Amino acid sequence: MKSAFLPDRGVVKVAGEDARNFLNGLVTTDVDRLKPGLGRFGALLTPQGKIIVDFLITEAPAGHGGGFLIDCPKALADSLATKLKFYKLRAKVTVDNLSDDLGVLAAWDGQPAAQPDLAFVDPRNDGLGYRILIPDNLKQKLSDLIGAKLVDAAEYEAHRIALGVPRGGLDFMYSDAFPHETNMDRLAGVDFDKGCYVGQEVVSRMQHRGTARTRSVKVLLDGASPEPGATILAGDKPVGTIGSTAGSKGIALVRIDRVAEALDAGQPLTAGGLPLTLAEPDVVRIPAKQPNA
């Protein structure tokens, strides 16, 4: 088993007697289904349905003061806390950025020998393993406890990229992407049966009308990697943008209808003059709607 402390991740805590209902009315995931030891994937959206910040969230046990702990990009932790306080109004909640004291250890490729208190399975993909919320100075001790070899965060990044799980700020831009475009609907990040939340109408409409035309996809690289942000071309026609890469694998944000047309026409894809292919070509095929009976 491997583990890596992720220096780019921070933790925001939301506590108080109204915390569960408060969060449930704001974010894409069903907070009512959370309990200690369980994690969920979700996001806070703009009213127009675009991602302000995506995150993993768990409920802290009573021994750790209860409340909810949000594993989010460290660079956005302050702004997330500020945004949540803006929505607080008269709700009996407290919001604190704990990122100076608490961080995130990822552990994968095996089962932990012990179950730390603030640990949960990453719900986005089975291969991503576990998240453990700990201070930086305990990363070696916790790794030893769970029977994991502590490695550099770059190894985790390569693992994430190989699994095709997008990362905000690299594979899509915050405040510029809808949840469907970043595959949140496929990564257990949107609960379509829960009540209202900010941006819910737009997300539900995209789900029921099948209007998502941009998607994050896994790509295979032949040789050198294009620069992140490089335009992907089918012939001379832009069809997407390259995101993060590691070795021969990468993630791209593409217009699936345009890529499908290019594949049907036998046009090669390039980014920065370098060739690339889709790891799973069928992912850009939009299933034909079935006629009503």
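In what follows, the structure referred to is the one given above.
Residues numbered from 1 in each chain as written. Predicted model: local features only at pLDDT ≥ 70, side-chain atom pairs only at ≥ 80, totals over all residues. Heavy atoms only, no water.

Focus on the sheet that holds strand β9 (residues 130-134)
Then, in step 1: Read across the open sheet, the 5 strands follow the order β8-β9-β7-β1-β10; overall the sheet is mixed. For this open sheet the edge positions go to β8 (119-121) and β10 (149-150), each flanked by a neighbour on one side alone.
Then, in step 2: Bridge count for β8 against β9 is 3 bridges, and the pairing is antiparallel. Each residue of the ladder has a partner; that of F120, found in β9, is R131. (Pairing = 2+ DSSP bridges. Helix = DSSP H or I, 4+ residues; strand = E, 2+ residues; numbered from the N terminus.)

Some points on unusual backbone geometry
Then, in step 1: One non-glycine residue with positive phi stands out, namely L89, at about 50°.
Then, in step 2: Judged by relative accessible area, which is 73%, L89 ranks as exposed.
Then, in step 3: One non-glycine residue, D109, adopts positive backbone phi at about 65°.
Then, in step 4: With respect to the element layout, D109 can be found in the loop between β7 (103-108) and β8. (Buried < 20%, exposed > 50% of the residue type's maximum accessible area, 1.4 Å probe, protein only.)

Considering the pattern of salt bridges
Then, in step 1: On inspection of all chains with the given rule, the structure shows 18 salt bridges.
Then, in step 2: Residue E155 pairs with K2 through a salt bridge whose shortest N-O separation is 3.1 Å. Placement of the pair is E155 in helix α4 (residues 153-163) and K2 in strand β1 (residues 2-5), with a sequence separation of 153 residues.
Then, in step 3: Residue classification places K2 among the partly exposed positions, given a relative accessible area of 30%.
Then, in step 4: Two residues, R160 and D171, come together in a salt bridge whose shortest N-O distance is 3.0 Å. Note that R160 is positioned in helix α4 and D171 in the loop between α4 and α5 (200-209), a separation of 11 residues in sequence.
Then, in step 5: Beyond isolated ion pairs, a larger network of salt bridges with shared partners links D8, E157, R160, R167 and D171. (Salt bridge = Lys/Arg side-chain N within 4 Å of Asp/Glu carboxyl O.)

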